[in-house]
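Structure at a glance
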Amino acid sequence: MNAAPQGTEAPAPSTGLIRAQATWFIDQQTLARHQTVKGFGQDFLGYLQQLIPQIEQITVCLPEDDVPARVALAAVGEARRRINEPETTRLSGEVERVKRLARSVVALCDHHDTLTGMAMCLACDQPIGGDQA
C-alpha cells in the first residue's frame, strides 16, 4: 500500500457527520452483515476515542459546578464502559453492542456541540452562524 503524500490527510469528520452516521445505524430495522456491523463498530470506537479527550479537555476549563460539563463527563464515563464491552459471537448481540456505542457517539457529539457553543445545520452539516436561523 502506498502512503499518502504529506499534507493530504483527510480532515476529521465533523460532529454533525459523525452523529448522522451513528443515528443512521441506530435506526436500522434489519440486521446488517457481520462485516458491516464490525466496520461500524470500529468507526464508532474511533469516534469515541477522539471525542472523549476533547470533552475532557473542554471541561477542565469550566467551573466545578458547571452542570453541562458534569453531564458531559457522566456521558464520557458511560462511553468508556461501553468501549470495554466485549464483542459477541451472535450477530444480533453484536448489533445491539454497536448500537450502544452509536448511542454514546450521538450523546458525546451533542455534549461536544453544547460545550463549544457549536450549532450545526442538520440538512447541510455546516456550522450555523449567530445571525442565521
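Overview of the structure. (Residues numbered from 1 in each chain as written. Predicted model: local features only at pLDDT ≥ 70, side-chain atom pairs only at ≥ 80, totals over all residues. Heavy atoms only, no water.)

1. Description of helix α4 (residues 91-116)
In this model, α4 (26 residues) spans 37 Å end to end at C-alpha, consistent with the 38 Å of a helix rising 1.5 Å per residue. Backbone geometry just downstream of α4 places Gly117 in the positive-phi region, at approximately 75 degrees. (Helix = DSSP H or I, 4+ residues; strand = E, 2+ residues; numbered from the N terminus. Expected span 1.5 Å × (residues − 1).)

2. Structural notes on helix α2 (residues 34-60)
Relative to the 39 Å expected for 27 residues at 1.5 Å per residue, α2 spans 39 Å between its end C-alpha atoms, a close match to the ideal helical length. For α2, the full list of buried residues reads Val37, Phe40, Gly41, Phe44, Tyr47, Leu48, Leu51, Ile52, Ile55 and Thr59. Looking at the buried residues of α2, the elements they touch are α1 (15-27), α3 (67-83) and α4. (Buried < 20%, exposed > 50% of the residue type's maximum accessible area, 1.4 Å probe, protein only. Contact = heavy atoms within 4.5 Å.)

3. Here we look at the nonpolar core
Phe44, Val105 and Leu108 are the most contacted members of the largest nonpolar core, which totals 26 residues. Mapped onto this core, the elements with two or more residues apiece are α1, α2, α3 and α4. By residue number, the principal contributor to this core is α4, which donates nine residues. Among all residues touching Phe44, those that are not within four sequence positions of it are Gln21, Ala22, Phe25, Val98, Leu101, Ala102 and Val105. (Core = buried A, V, L, I, M, F, W, Y, C linked by side-chain atoms within 4.5 Å.)

4. Here we look at the side chain of Glu94
Counting through the fold element by element, Glu94 comes out in helix α4. Residue classification places Glu94 among the buried residues on the basis of a relative accessible area of 3%. When neighbours within four sequence positions are excluded, Glu94 is seen to be in contact with Val37, Glu87 and Thr88.

5. With respect to the environment of Pro68
Residue position: Pro68 is located in helix α3. Overall, the relative accessible area of 39% leaves Pro68 in the partly exposed class. Once the C-alpha coordinates of Pro68 and His111 are considered, the two residues, 43 residues apart in sequence, prove to be 7.6 Å apart. Not counting residues up to four positions away in its chain, the partners in contact with Pro68 are Thr114 and Leu115.

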